[in-house]
Amino acid sequence: MGNEQEDKEMEMGSIVVEKVGGRSSVVHCFSRYPVKFIIPKKVGSSRTDVVWVYALNYGGGIVSGDQILCKFSVGDCCTMVLTTQGSTKVYKSVGSKCSKQLLEARVGSNALLAIIPDPVTCFSTARYYQKQVFNVSSNSNLVIVDWITSGRHESGEKWDFDLYRSINNIFLEDGEPLFLDTMSLEKEKIGCIHELVQDYQVIAMILLLGPKLQFVQNLVQDKVKGIMSEQLQHPSGALSHKRNEAGYFISKPSLMASCSVFGTKIAVILNLDGKVMISNYNIILWASSRLEIMELVLSSCLLRTIVF
């Protein structure tokens, strides 16, 4: 009972998407300070049956000590995209207060939920904890983009926050865990985060789950193989060179990418580390805009129009 009461106090927003008149429609939308949802009536082609939701934070970011819980439900055969209008800024921590952002989502049968926010940018001394829990059926479809930048470059801050922890868990209908992932960067435990990450400015995880995304998964795997093969075969342009303490040159690629299949081979996880700040989801499909990415996800007939 205590946990339910605590969840109600933390809950700042919820959205339910169901089929109405044969189209994906918002049948419930609730938000309160400091969260606001914008749901545009028309985004992209009228042929695409999708609800777009933009999540905003009043004040432009997450303040020290904020605790935010949002819940989403995507009904059978529906499609919903959750995104943002700018990076999620996490402001400096006051004392040892940690900002928390929790997301719970249910994805119905043959439904698609895409979580594609702009990256998290933590200010100096910020402490941030994020947890996303997804409940899916055997044929649900899910896109998760989870990424963080090194901080405010214009202020000279690079990996200068105190804590960043991001958890992504996916469970099947019977409660069986399908995917459990945690990324933790904590200054108190690992020392200087900048020394650990070195020259890389972006860390990203992209997850593609479900039968509707099979063709995208195959393309992403091929793309990653091509990029890393090119960098390793022709290192001069793709790698940066730096002397170590012994005076030897160490070569590091400007982009490090790895791709793995998990579950029943209908899911792909892509990990990226980049030295260059990449915006508008070029980090996902490089030369594609957000709208093109979602049209790619939603309609295989548009594959020929996407430039990689």
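For clarity, every value in this text was computed on a predicted model and none was experimentally measured. (Residues numbered from 1 in each chain as written. Predicted model: local features only at pLDDT ≥ 70, side-chain atom pairs only at ≥ 80, totals over all residues. Heavy atoms only, no water.)

### A look at the overall build of the protein
- If you tally the helices and strands in the protein, you get seven helices and 20 strands.
- Expressed as a percentage of its 308 residues, the buried residues of the protein come to 48%.
- A total of about 14900 Å² of accessible surface is found on the protein, and carbon and sulfur atoms cover 52% of it. (Helix = DSSP H or I, 4+ residues; strand = E, 2+ residues; numbered from the N terminus. Buried < 20%, exposed > 50% of the residue type's maximum accessible area, 1.4 Å probe, protein only. Areas by Shrake-Rupley, 256 points an atom, 1.4 Å probe, with all protein chains shown as cover.)

### As for empty space enclosed by the protein
- A full pass over the atoms with the stated rule returns three cavities of 30 Å³ or more.
- Volume-wise, the largest cavity comes out at about 350 Å³.
- Lining the largest cavity are 25 residues, and of these Leu 82, Gln 101, Leu 103, Pro 117 and Gln 132 lie nearest its centre.
- Contributing elements (two or more residues each) for the lining of the largest cavity: strand S3 (35–38), strand S4 (51–57), strand S6 (67–74), strand S7 (79–83), strand S9 (99–107), strand S12 (127–136) and strand S13 (141–149).
- In the lining of the largest cavity, the residues fall into 16 nonpolar, seven polar and two charged. (1 Å grid on protein atoms, 1.4 Å probe; cavity = no way out; pocket = protein on both sides within 12 Å on 5 of 7 lines; lining within 4 Å. Points joined across faces, edges and corners; volume = space filled by probe spheres on them. Nonpolar A, V, L, I, M, F, W, Y, C, P; charged D, E, K, R; others polar.)

### Notes on the sheet that holds strand S15 (residues 177–186)
- The strand order across the open sheet formed by seven strands is S2-S1-S6-S9-S12-S14-S15, and the pairing between neighbours is mixed. Strands at the two margins of the open sheet, each flanked by one partner only, are strand S2 (23–31) and S15. Put simply, the sheet's adjacent strands are angled 10° from each other on average, direction ignored. (Pairing = 2+ DSSP bridges. Axes fitted to C-alpha atoms, helices over the stretch in contact; angles between N-to-C directions.)

### Describing the packing of aromatic side chains
- Throughout the structure, instances matching the rule amount to seven aromatic pairs.
- Geometrically, the ring pair formed by Tyr 91 and Phe 123 is edge-to-face, given 5.0 Å between the ring centres and 85° between the ring planes. Placement of the pair is Tyr 91 in the loop between strand S8 (88–90) and S9 and Phe 123 in the loop between strand S11 (120–122) and S12, with a sequence separation of 32 residues.
- A residue is classified by how much of its surface remains accessible, and Tyr 91, at 25% relative accessible area, is partly exposed. (Phe/Tyr/Trp six-rings, centres within 6.5 Å; stacked < 30°, edge-to-face > 60°.)

### Structural notes on the pattern of salt bridges
- Following the criterion strictly, the structure yields six salt bridges and no others.
- Across the pair Lys 71 and Glu 11 runs a salt bridge, and its minimum N-O distance is 3.8 Å. Remark: Glu 11 occurs in strand S1 (residues 11–20) and Lys 71 occurs in strand S6; sequence separation between them is 60 residues.
- For Lys 71, a relative accessible area of 27% gives the class partly exposed.
- In this structure, Asp 160 engages Lys 187 in a salt bridge whose closest nitrogen and oxygen atoms are separated by 3.6 Å. Placement of Asp 160 in the loop between S13 and strand S14 (163–172) and of Lys 187 in helix H2 (residues 187–190) is noted, with a sequence separation of 27 residues between them.
- Ionic contacts of the salt-bridge type, sharing partners, join the residues Asp 160, Asp 162 and Lys 187 into one network. (Salt bridge = Lys/Arg side-chain N within 4 Å of Asp/Glu carboxyl O.)

### Observations regarding the confidence of the model for the protein
- In the predicted model, the protein carries a mean pLDDT of 79, and the fraction of residues at 70 or more is 75%.
- Across residues 237–241, confidence stays below pLDDT 50; counting only partners more than four residues off in sequence or on other chains, it has 17 contacts.
- Low pLDDT (under 50) marks residues 296–308, which in the prediction has 31 contacts with non-local residues, meaning those over four places away or in another chain. (pLDDT = per-residue confidence, 0-100. Contact = heavy atoms within 4.5 Å.)

### Thoughts on the pairing of strand S10 (residues 112–115)
- Here S10 shows a buried face lined by Leu 112 and Ala 114 and a second buried face lined by Leu 113 and Ile 115.
- Here S7 runs beside S10; their pairing, made up of four bridges, is parallel. Along S10, the bridge assignment pairs Met 80 with Leu 113.

### A word on the pairing of S4
- Of the strand pairs in this sheet, S3 and S4 are connected by four bridges, and their pairing is antiparallel. Its bridge partner lying in S4, Ile 38 is registered against Tyr 54.
- Bridge count for S4 against S7 is four bridges, and the pairing is parallel. If you follow Trp 52 over to S7, its bridge partner there is Val 81.

### Focus: unusual backbone geometry
- For the peptide bond that leads from Tyr 33 to Pro 34, omega is 10°, which places it in the cis range.
- By the element assignment, Pro 34 lies in the loop between S2 and S3.
- One non-glycine residue, Asn 110, lies in the positive phi region at around 60°.
- Tracing the chain through its elements places Asn 110 in the loop between S9 and S10.
- Asn 110 gets classed as partly exposed once you look at its relative accessible area, which sits at 31%.
- One non-glycine residue with positive phi stands out, namely Thr 125, at about 70°.
- Within the secondary structure layout, Thr 125 lies in the loop between S11 and S12.

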